[in-house]
Amino acid sequence: MTVQPEIGAAPMLDLQDVAMHFKSRGRGFRTTTVRALDGVSLTLDRGETIAIVGESGCGKTTMGRVSLRLLEPTAGRVLFDNIDITEVKESRLKGFRRRAQGIFQDPFTSLDPYMTIRQIVEEPLVIHGEGSASERLERVEWALEEVRMRPASDFLDRFPHLLSGGQRQRVGIARALTLTPEYILADEPVSMIDASSRAEILALLRELQERHRIGYLYITHDIATARHFAPTATVMYLGRIVEQGPTADLISNPLHPYTQGLLNAVPEPDPANRLAERPVLPGEAPSPANVPSGCRFHPRCPVFMAGLCDVVEPPLVQVELDRTVECHLYGEEGQARAEQDATESVSENA
Amino acid sequence: MRPGEALRVVLRSGSGRLGIGLLAVLVFVSLLVPFFYPLDFGLRFWNNPIAWADNPKAAPPAWTNLVGDQAPRHRVFDAESPSQTVETGPATTRLYSFTFDHDSETPPTFLSVSVGEVSFYDRPPVISMSLARPDGLTATILQEVVRGQRPDETPPVSRFADEPRRIFLSGDTNALTAATDFLLQEFGLRLSEAEIQGNLEAALFGTPTSSDAPEFEPLTGEYTATIRVITYDSRDAVESVRFVAAGGVFGLMGTDTQGRNLATGLMFGFPVALIIGISTSVAATILGTFFGILSGFSGGRTDTIIQRVSDVMTNIPLLPILIFLIFVLGQKLWLVMTILVIFGWPGLTIILRSMVLQVRSGQLVEATQALGASRWRIMFRHVFFQMAPFIVAQMIFFTPAAILAEAGLSFLGLGDPSLPTWGQILEQGFRTGAIFIGYWWWILPPGILIVITAMTFVLLALAMEPVLNPRLRETAA
Ligand SMILES: Nc1ncnc2c1ncn2[C@@H]1O[C@H](COP(=O)(O)OP(=O)(O)OP(=O)(O)O)[C@@H](O)[C@H]1O
Ligand code: SF4
Ligand SMILES: [Mg+2]
């Protein structure tokens, strides 16, 4: 199912130390800088799915938008097929626009309500000057069949407001599919449609991935559903990636204190346990306009080490071959401290 | 939503049907006007008193005879050739006879005789007129000699070519003298010229009831007016003769104090109002839409400049500017329309900009951008379409504003004299004091037409509501 990256070949999508800072006018004459992304690196290959999880406001959407060059990052590079697309003019981006598409969160506002389904799905072809009118119609019908809107002719002349949320999202997927892209950003594609059609849509996305070898960046704040859809997961906190690894391992054995808290915050599927007391993430996430020093999670961290975590930025530690975590607990300094603490407590006990 | 669907939604509501119906009437009447009116109607006719000389002044509409007193009908008799010609030697007498039934208790409001384009060689022709009454008496009441040849003229001498010679009997000394003679001879009533002047029509269309005062009993029945033109050369010619027994009521809508047929003026006002309203609102809407979308979508300096200009423009009071510019540049309709457009677009621009900002931050723009659409495509294929129903509704809303603004300016006496508008008719009525004297037919129709026209567009805008609001539309569908 998941195609492992070919050794030595450049990844399809490569974010290198990307930062996205928004300047906004604050109170008075002061300008505040919102550090929505603050140095993230990520690679994605064809046929691969990476889930991005994290609380609201941690920069998931911003990362997705940078990856589609809907935003020009403040720092860092975005490579697509080894070509830097960070500073390319929009007019020279046609090739990229063909190969990278997006599926968006809100199927109610991401489709033009004044266009028929046919016009919506046809639009990428029109924009890229693809084919004759009849060829385009054929392609539209093909895309609709691909997302299991059958028979396509039933839907062609309808307007989106006559469709259900799930059907609209299928139209959104069909639109992304018409140009057979290699990369699709799926930004919370099922969070706004009713629960009954979520599984169906995710199954459809996986089916399409297998058939067309699409790479997905799957943004969600629900780490539990990510398990069934994305083999790899990336946890973000305040504009940084704090932990990355196989989703199953991440859930069974979370390393970063934030990931641990996030998993505890996931609602228990068993109603009997729902009222049971569980440790949840204490406090609200601080604003990316005011990022804490040292480890940005330190004000909320239950195992925070004073004098270290609030002073020194945590290192990126490769814990296993396919797992990384950014936390002092796993870094050399932190390990040293832990050992020291251990000896102290031993001597105290003695 | 497609136009056809939008129209169906509009027609589903009562206000929509009424609005469309009224609009159809307005448009129909407006389309008729160019077939019946010359383009320089305003200058050549409406504001030219001679054109209305033969009409009764301040006469109510003819249909008011259906209730209350019977006012005499307005009668105009035109003849190009005489009904009888008598030759006596070299002289030719042309007789133009007009018979009519006078059945009103009120005499005609005035009598006039017009002779158009006379040419002569030898001696100037003589014009006279007599009136045969139902009681068998005949009054000769006019005798006039056309002005003779001047030393610098060579025959044939032409007279009254540009404008017919029009004689109002009650203003003509000869006619008054003749009438005095007639009353003295037939009834033994001796009246001074001053006494007869105000009562000429009553005297001719009645029988005296007193032996020394100008009091008359109305005499109804068949009257025949005969106009004689005597010429003294066989080559002499008379082109046309007209006799008017002016009524106390006139036409469909009556007349004003200058005798102007209000129906003609009001009818001409239809296309003028529509052109003022629709062209200014279309122009202001196009500008407002363009700048609004540009401003909201481009951001940065373009946005700032457009917004500053709009803010300044919307805060300038329009009326003083209009009055000032009209004083400087003259009373021109195009000037008023231009100013309304210049000051009309910024309001829409400000609203549209904020709408664009909202749409821009939405996922549709993001999704379309990801497809590789150009800014122009996003702006005008998607953003514009999102707002199109709103823009159309705004345009409809702005239409009466322009019509009312023109009416208001005309009411201040700043209208364009070359084009009659409802506002001008209303203003002239007020200035003449029509409202105090009770000339309701001069005040009410233009007022009502302005209101109805404005209301038509308000009704249409109301009916657009479900088109604008997709949620209302869905429940209606
Ligand atoms: N255009 C912008 N201008 C200023 N600040 C922005 C902009 N876009 C995003 N931000 C800020 O950047 C931060 C990250 O936003 P982002 O939308 O990426 O979060 P998210 O992880 O997608 O959250 P959610 O789960 O709610 O979608 C937020 O604090 C947001 O307010
Ligand atoms: S670095 Fe320190 S504060 Fe940050 S997560 Fe790790 S232990 Fe907690
Ligand atoms: Mg988001």
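Residues numbered from 1 in each chain as written. Chains lettered and ligands numbered in written order. Predicted model: local features only at pLDDT ≥ 70, side-chain atom pairs only at ≥ 80, totals over all residues. Heavy atoms only, no water.

## With respect to empty space enclosed by the protein
All names here are of chain B. Note the cut-off: Any residue with an atom within 4 Å of a point lines the site, the site being either a cavity, points on a 1 Å grid over the protein atoms alone where a 1.4 Å probe fits but cannot get out, or a pocket, an open set with protein on both sides within 12 Å along at least 5 of 7 lines. Grid points are joined across faces, edges and corners, and a volume is the space filled by probe spheres set on the points. Following the grouping adopted for this structure description, the nonpolar residues are Ala, Val, Leu, Ile, Met, Phe, Trp, Tyr, Cys and Pro, the charged ones are Asp, Glu, Lys and Arg, and the polar ones are all others, Gly among them. What counts as a helix is a DSSP run of H or I of at least four residues, what counts as a strand is a run of E of at least two, and both are numbered from the N terminus.
Tallied over the entire structure, the rule returns 4 cavities of 30 Å³ or more. The calculated volume of the largest cavity comes to roughly 60 Å³. Here the residues of the lining of the largest cavity are counted per class, giving 11 nonpolar, 2 polar and no charged. Roughly 50 Å³ of internal volume is contained in the second largest cavity. Lining the second largest cavity, in full, are Ala273, Ile276, Ile403, Glu406, Ala407, Thr421, Trp422, Gly423 and Ile450. Take the lining of the second largest cavity: its biggest share by element is 3 residues, from helix H12 (residues 375–411). Tallied by class, the residues present in the lining of the second largest cavity amount to 6 nonpolar, 2 polar and 1 charged.

## A closer look at the site of ligand 2
Residues and elements named next belong to chain A. As a reminder of what qualifies: Whether a residue is near a molecule or strand depends on its heavy atoms: it is near if one of them lies within 4 Å of it. To be counted as sitting in a cavity or pocket, a molecule needs more than half of its atoms within 2 Å of that site's grid points.
Around ligand 2 sit His256, Pro257, Cys295, Phe297, His298, Cys301, Val303, Cys309, Cys327, His328 and Leu329, and that is every residue in its neighbourhood. Given that more than half its atoms are within 2 Å of the pocket grid, ligand 2 belongs to the largest cavity. When the residues that make up the shell around ligand 2 are grouped by side-chain class, the tally is 8 nonpolar, 3 polar and no charged.

## Topic: the interface of chain B and chain A
The condition is simple: Residue contacts follow a heavy-atom distance rule, with two residues in contact if any of their heavy atoms lie within 4.5 Å. Two parts placed together each lose some accessible area under a 1.4 Å probe, and adding up what both lose gives the buried area. Salt bridge, as used here: a side-chain nitrogen of Lys or Arg that lies within 4 Å of a carboxyl oxygen of Asp or Glu. Polar contacts, as counted here, are pairs of nitrogen or oxygen atoms within 3.5 Å of one another; within protein the pair requires one atom able to donate a hydrogen and one able to accept it, and residues that are adjacent in sequence qualify only if both atoms are side-chain atoms.
Listed by partner, the interface residues are 21 residues for chain B and 26 residues for chain A. Each partner contributes to the roughly 2,200 Å² buried at the junction of chain B and chain A, and carbon and sulfur atoms together form 53% of this total. A per-residue breakdown of the area chain B buries against chain A is headed by B:Gln363, B:Glu366 and B:Leu371, which together make up 30% of the total. Applying the counting criterion to the chain B and chain A interface returns 2 salt bridges. Residue B:Glu366 is joined to A:Arg65 by a salt bridge in which the shortest nitrogen-to-oxygen separation is 2.9 Å. Joining chain B to chain A, the criterion identifies 10 residue pairs in polar contact (both at pLDDT 80 or more). Looking at side-chain class alone, the side of chain B that touches chain A contains 8 nonpolar, 6 polar and 7 charged residues.

## What to know about the domain arrangement of chain B
Note the following rule: For the domain bounds, the source is a domain assignment made automatically or taken from a database.
Domains assigned within chain B are domain 1 (3–47 + 261–476) and domain 2 (72–245). Once you take the C-alpha centre of each, domain 1 of chain B and domain 2 of chain B turn out to be 54 Å apart.

## Some details on the site of ligand 1
Residues and elements named next belong to chain A. This is how the line gets drawn: Shrake-Rupley sampling with a 1.4 Å probe provides the accessible areas, and residues are treated as covered by the protein chains on show and by no other component.
Near ligand 1, the surroundings consist of 14 residues, among which Ser56, Gly57, Lys60, Thr61 and Thr62 are the closest. Between Ser56 and ligand 1, the recorded distance is 2.4 Å, taken from a side-chain N or O atom to an oxygen atom. Side-chain polar atom of Lys60 to an oxygen atom of ligand 1: 2.8 Å apart, as the coordinates give it. Protein coverage of the free-state accessible area of ligand 1, which is 630 Å², stands at 65%. Going through the elements one at a time, strand E2 (31–44) and helix H1 (60–67) are the ones with two or more residues in the shell around ligand 1. Examining the composition of the shell around ligand 1, we find that 3 residues originate from one element, H1, more than from any other. Here the residues of the shell around ligand 1 sort into 5 nonpolar, 6 polar and 3 charged.

## A closer look at helix H3 (residues 117–127) of chain A
Which entries qualify depends on this criterion: When accessible area is computed with a 1.4 Å probe and restricted to protein chains, residues below 20% of their type maximum are described as buried, those above 50% as exposed, and intermediate ones as partly exposed.
Of all 11 residues in H3(A), 8 are buried, a share of seventy percent or more. Within H3(A), the full set of buried residues consists of A:Ile117, A:Ile120, A:Val121, A:Glu122, A:Glu123, A:Pro124, A:Leu125 and A:Ile127. On its buried face, H3(A) sits against helix H2 (94–99), helix H4 (133–146) and helix H5 (165–177) of chain A together with helix H11 (363–371) and H12 of chain B.

## So, the sheet that holds strand E9 (residues 232–237) of chain A
All names here are of chain A. What counts here: At least two bridges found by DSSP between two strands are what make those strands a pair. Note on method: axes are straight lines fitted to C-alpha atoms, helices fitted across the in-contact stretch only, with angles between N-to-C directions ranging 0 to 180 degrees.
An order of E6-E7-E8-E3-E9-E10-E12-E11 is seen for the 8 strands of this open sheet, with the pairing classed as mixed. Looking at the sheet topology across the chains shown, the edges are occupied by strand E6 (100–103) and strand E11 (316–320). Strand-to-strand twist of the sheet, defined as the mean angle between neighbouring strand axes without regard to direction, takes the value 20°. Against the sheet, H5 contacts E6 and strand E7 (183–187), and its axis sits at roughly 175° relative to E6.

## Remarks on a nonpolar patch on the surface
Residues and elements named next belong to chain B. Just so we agree on the cut-off: Excluding any residue in a salt bridge, patches collect residues exceeding 30% relative accessible area, merging like charges within 9 Å and nonpolar Val, Leu, Ile, Met, Phe, Trp and Tyr side chains within 5 Å.
A surface patch of nonpolar side chains, about 770 Å² in accessible area, is lined by Trp63, Leu66, Val67, Leu252, Trp440, Leu444 and Ile448. Looking at the element boundaries, Leu444 is found in helix H15 (residues 440–463). Residue Leu444 is classed as partly exposed on the basis of its relative accessible area, which comes to 45%.

## As for the side chain of B:Ser112
Residues and elements named next belong to chain B. Along the polypeptide, Ser112 turns up in strand E4 (residues 111–120). A distance of 3.0 Å separates polar atoms of two side chains, one belonging to Ser112 and the other to Asp54. Apart from residues no more than four positions distant in its own chain, Ser112 is found in contact with Asp54, Arg166, Ile167, Phe168, Arg242, Phe243 and Val244.

## Quick word on the pattern of salt bridges
If you walk through the whole model with that rule in mind, you get 32 salt bridges over all chains. For A:Arg97, the salt bridge is made with A:Glu90, and the minimal N-O distance between the two is 3.0 Å. With a relative accessible area of 1%, A:Arg97 lands in the buried category. With a closest N to O distance of 3.2 Å, B:Asp233 and B:Arg235 form a salt bridge. If you follow the salt bridges from partner to partner, you end up with A:Glu146, A:Arg148, A:Glu207 and A:Arg211 in one network.

## Quick word on unusual backbone geometry
Put simply, A:Arg150 and A:Pro151 share a cis peptide bond, and its omega is -10°. Inspection of the secondary structure assignment puts A:Pro151 in the loop between H4 and H5. Omega for the peptide link from B:Pro155 to B:Pro156 comes to 0°, which places this bond in the cis form. The topology assignment puts B:Pro156 in the loop between strand E6 (138–145) and strand E7 (157–159).

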